[in-house]
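Structural characterization, general
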Amino acid sequence: MQATYRGMDRATLDREYNARATVPDVGPFLAEYRRRTDAARASLPCRTDIPYGPTPDERLDIYPAATPGPAPVFLFIHGGYWRALDSADSGFMAPYLTARGACVVALNYALAPGASLDEITRQCRAALAWVHANIAAHGGDPARIHLSGSSAGGHLAAMLIAGGDWPAAFGLPPRPVAGATLLSGLYDLEPIRLCHVNDWLALDEAAARRLSPLALPPPAPIPVVHCVAATETAEFRRQTHDHAAFCALAGCTTHSIPAPPGSNHFDLPFALCEDTPLSRATLSVMGLDSKSL
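Residues numbered from 1 in each chain as written. Predicted model: local features only at pLDDT ≥ 70, side-chain atom pairs only at ≥ 80, totals over all residues. Heavy atoms only, no water.

Here we come to unusual backbone geometry. Each neighbour pair has its own omega, and for A112 with P113 the value is 5 degrees, a cis peptide bond. Considering the arrangement of structural elements, one finds P113 in the loop between β4 (103-107) and α4 (117-134). The backbone phi angle of W82 is positive, close to 65 degrees, even though this residue is not glycine. Looking at the element boundaries, W82 is found in the loop between β3 (71-77) and α3 (94-98). Unlike most non-glycine residues, L85 shows phi in positive territory, near 75 degrees. With respect to the secondary-structure elements, L85 resides in the loop between β3 and α3. (Helix = DSSP H or I, 4+ residues; strand = E, 2+ residues; numbered from the N terminus.)

Below, the discussion takes up the pairing of strand β2 (residues 59-63). Extensive coverage of β2 is indicated by the burial of five of its five residues. Alternating positions in β2 separate into two faces, R59, D61 and Y63 on one and L60 and I62 on the other, with burial throughout. Bridge count for strand β1 (residues 47-51) against β2 is three bridges, and the pairing is antiparallel. Within β2, the position partnered with P51 by the bridge is R59. Of the pairings in the sheet, the one linking β2 to β4 comprises four bridges and is antiparallel in character. (Buried < 20%, exposed > 50% of the residue type's maximum accessible area, 1.4 Å probe, protein only. Pairing = 2+ DSSP bridges.)

All chains considered together, the criterion is met by 10 aromatic pairs. Centroid distance F29 to F266: 6.2 Å. Interplanar angle 25 degrees. Geometry classified as stacked. On the criterion of sequence distance, the pair formed by F29 in helix α2 (residues 27-43) and F266 in the loop between β8 (253-256) and α11 (277-285) is long-range, its members being 237 residues apart. The residues F29 and F266 share a single accessibility class, namely buried. Their ring planes at 10 degrees and their centres at 6.3 Å tell us that F74 and F76 sit as a pair that is stacked. By relative accessible area, which is 0% here, F74 ends up buried. Clustering of aromatic rings is evident, with ring pairs tying together Y33, F74, F76, F92 and F270. A cation over a ring is seen here: R83 above W200, with NZ or CZ 3.5 Å from the ring centre. Above the ring of Y96, the side-chain terminus of R100 is found at 3.7 Å from the ring centroid. (Phe/Tyr/Trp six-rings, centres within 6.5 Å; stacked < 30°, edge-to-face > 60°. Lys NZ or Arg CZ within 6 Å of the ring centre and 35° of its normal.)

Among the structural elements, R20 can be located in the loop between α1 (10-16) and α2. Overall, the relative accessible area of 45% leaves R20 in the partly exposed class. With 179 residues separating them along the chain, R20 and D199 place their C-alpha atoms 16 Å apart. Those residues in contact with R20 that lie beyond four places of it in its chain are V26, L30 and F266. (Contact = heavy atoms within 4.5 Å.)

Right under this line is the structure:
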């Protein structure tokens, strides 16, 4: 079979980017996202389903910090290969982070194939603009927005820290983000275009380049935390390595944090829910301490 990308044929790319195949059953992990988020919503002050745009999917949840603001903002973008999950699955880290002084925001967006990746990216940028304009009313500091995302959410967070002139189109300052934590993200979409994931993304070559953080102007020199799960495929590891190097060349302070032993693509975000090297690094670059307030 003809090689399609870096010497890998379609079958190899399908295996490398089949995250679900790295665990026996993805269902329990997805159920745990919802269970923990339901518990956070039940136990914490929060406002859910706040609209940031005109469509039903353009909404977000806010979990204020446990102490009076202005608090740094942890804005989380869920994964799901751009076609699954919801903000209702994305607040599981709120109990741990709000107790340590962060205002947590869980972002929702429309899903593929109903929405194109261009539209999903636009929605995430619009959400960042809404947070920047409105988070002070919820005790958050718009000057200290820290983006985070896992898998496809890591890609979207990386699109939001990318340089270029896009912030002006959303009424944002040139450097709207103070830092980022990116978990097993996707930063080069050319192999995505060439494997099964494109069945629902429908990217052409121009779109794959336009929507690849590694092909965009580099981010401002902000702190960026990278982590890739212990059992990821070689391509997921390569994607994180390449983006960390890209950020370092741009002058970012980069932190490559080892994942918890045995962690997989789906449980890695739970390392933000307790005292781990990943949560400590994230809190540190946000100017917070890992000890409860």
